[in-house]
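# Observations on the model geometry
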Amino acid sequence: MGSHPLPEPVTAAGRDGLAHLLARPERAVVALDFDGTLAQIVPDPEQARAHPGAVPALARLAPRLGSVAVITGRAAGVAVRYGGFAGVAGLEHLVVLGHYGAERWDAVTGTVHAPAPHPGVAAVQAELPGVLDESGAWQGTWVEDKGRAIAVHTRRAADPQAAFDALREPLAALAARHGLIVEPGRLVLELRPPGMDKGVALAEYVREVDASCVLYAGDDLGDLAAFAAVEKLRSEGVPGTLVCSGSAEVAVLAERADLVVDGPAGVVELLTALAAKLG
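Residues numbered from 1 in each chain as written. Predicted model: local features only at pLDDT ≥ 70, side-chain atom pairs only at ≥ 80, totals over all residues. Heavy atoms only, no water.

## Some remarks on the overall build of the protein
Stated precisely, the cut-off is as follows: Runs of H or I in DSSP of at least four residues are treated as helices and runs of E of at least two as strands, each being numbered from the N terminus. Relative accessibility decides the category of a residue: with a 1.4 Å probe and only protein chains considered, values under 20% of the type maximum give buried, values over 50% give exposed, and everything between is partly exposed. Here the Shrake-Rupley method, with its probe set to 1.4 Å, supplies the accessible areas, and only the displayed protein chains count as covering residues.
For the protein, the count of helices and strands is 9 helices and 12 strands. Across its three principal axes, the protein shows a C-alpha extent of roughly 55 × 35 × 35 Å. The buried share among the 279 residues of the protein stands at 52%. Accessible area of the protein: about 11600 Å², with a carbon and sulfur share of 54%.

## Details of the packing of helix H2 (residues 54-61) against helix H9 (residues 263-277)
Under the convention used in this document: Here, axes are lines fitted to C-alpha atoms. For helices the fit covers the stretch in contact, and angles between N-to-C directions go from 0 to 180 degrees. Here the angle decides the label: under 35 degrees means roughly parallel, over 145 means roughly antiparallel, 65 to 115 means roughly perpendicular, and every other value means oblique. The sense of a crossing depends on the near helix, which, turned anticlockwise from the far helix by less than a right angle, makes the crossing left-handed and, turned clockwise, makes it right-handed. By definition in these notes, contact holds between two residues if any of their heavy atoms fall within 4.5 Å.
In contact at an axis separation of 9 Å, H2 and H9 are set at 25° when each is read in the N-to-C sense. Here H9 runs roughly parallel to H2, going by the angle between their axes. Handedness of the crossing formed by H2 with H9: left-handed. Here Ala54, Ala57, Leu58, Arg60 and Leu61 of H2 come into contact with H9, specifically with Val268, Leu271, Thr272, Leu274, Ala275 and Ala276.

## Let's talk about the packing of aromatic side chains
The relation between two aromatic rings is expressed through the spacing of the ring centres and the mutual angle of the planes. Stated formally: Only centres within 6.5 Å qualify two rings of Phe, Tyr or Trp (six-membered ring in Trp) as a pair; their planes then separate them into stacked at under 30 degrees, edge-to-face at over 60, and tilted for everything else.
By the definition in use, this model includes 2 aromatic pairs. Arranged with centres 6.1 Å apart and planes meeting at 85°, the rings of Phe34 and Phe85 form a pair that is edge-to-face. Here Phe34, found in the loop between strand E1 (28-32) and H2, pairs with Phe85, found in the loop between helix H3 (76-83) and strand E3 (95-98); they are 51 residues apart in sequence, far enough to count as distant. Centre to centre, the rings of Tyr216 and Phe227 are 6.2 Å apart; their planes meet at 90°, and the pair counts as edge-to-face. Of this pair, Tyr216 sits in strand E10 (residues 213-218) while Phe227 sits in helix H7 (residues 224-235); the two residues are 11 residues apart in sequence, bridging distant segments of the chain. A relative accessible area of 0% means that Tyr216 is categorised as buried. Judged by relative accessible area, which is 0%, Phe227 ranks as buried.

## Notes on helix H4 (residues 119-134)
Selection rule: Helix span is expected to be 1.5 Å times the residue number reduced by one. The term bend refers to the angle at a residue between two fitted axes, each drawn through seven residues, those ending there and those starting there.
The terminal C-alpha atoms of H4 lie 24 Å apart, and with 16 residues this matches the ideal 22 Å at 1.5 Å per residue to within 8%. Where H4 bends most, at Glu127, the angle is about 45°, and the proline Pro129 comes one to four residues later. Turning to H4, the residues buried within the fold contact strand E6 (142-145), strand E7 (150-153), helix H5 (160-177) and strand E9 (188-192). At the exit of H4 stands Gly136, carrying a positive phi of roughly 70°.

## Some points on the sheet that holds E1
Note the following rule: In this analysis, strands are considered paired if DSSP registers two or more bridges between them.
What the 8 strands build is an open sheet, ordered E5-E4-E3-E2-E1-E10-E11-E12; its pairing is mixed. Of all the strands in the sheet, just strand E5 (111-113) and strand E12 (259-261) have a single pairing partner and so form its edges. Each strand axis lies, on average, 20° off the axis of its neighbour in the sheet, ignoring direction. Pairing geometry for strand E4 (residues 103-106) and E5, over 3 bridges, is antiparallel. The residue of E5 that forms the bridge with Trp105 is Val112. Running over the sheet, H7 touches E10 and strand E11 (240-245) and is turned about 160° from E11.

## Concerning the pattern of salt bridges
Where we set the bar: The term salt bridge refers to a pairing of a side-chain nitrogen on Lys or Arg with a carboxyl oxygen on Asp or Glu at a separation within 4 Å.
Counted according to the given criterion, the structure contains 18 salt bridges. Put simply, Glu8 and Arg15 hold a salt bridge, and the shortest N to O gap is 3.8 Å. You can call Glu8 exposed: its relative accessible area is 57%. Among the residues examined, Arg15 registers a relative accessible area of 35% and is labelled partly exposed. Notably, a salt bridge pairs Glu144 with Arg74, separated by 3.7 Å at the nearest N-O pair. Taken together, the residues Glu144 in strand E6 and Arg74 in the loop between strand E2 (67-71) and H3 connect sequence positions 70 residues apart. Neither residue differs from the other here; Glu144 and Arg74 are each classed as buried.

Written as structure tokens, this is what we have:
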């Protein structure tokens, strides 16, 4: 990686968050989404892998920080595998919070802690083929079993946005029947248990490690909850910086961010610049 200057946030709150991180890195948390932030969005989610520069950048940065966490809707073990995070020098204390924080993998033990799955997930999986068939959106949609959630992807459909729009209401009704909620994303609708989101996971983790500042990077609607958590932490006196892994697909996130970077490559450049700045 060449050397990149550290980009400057466009907001005063974002600049304050970054200044605190640079002044007291040993009390800082850097938290990152996985898909679209550390890994490119790809048509087949099973082919997603971390950007080749992501692990080297994190391994260089992590020892200088209080903590690094990956917060993802994926199963924690899958994110670890696709990210290549296990057994990496420099990432001995990495934490991966999977399924929006319901699961947790700690590099220090190499194990995943997880509660029992919600019974609604199995019920939804059984009924989903019929619902997709009735909606006429079966063609080109792809169902991903996430264990604690079910994701319906429309990126491969003939008209991805039309398929996404057609499925929103029927999937919301299906989820509601079984006590689940629908989380929309970039041409994906995820049916999952309520109560856990990236904001809850991030706020609890920041409290757990007693961080004095936080930087969060994400790219999708599921990251809005984490953005809101950082905004609340800022209102409580914990400085923070919000980074959007730039995507034209999710303008609402870019508008709320303190800093917009150019996708996973831009996130890697930011992490690399931070590590260089911290020596």
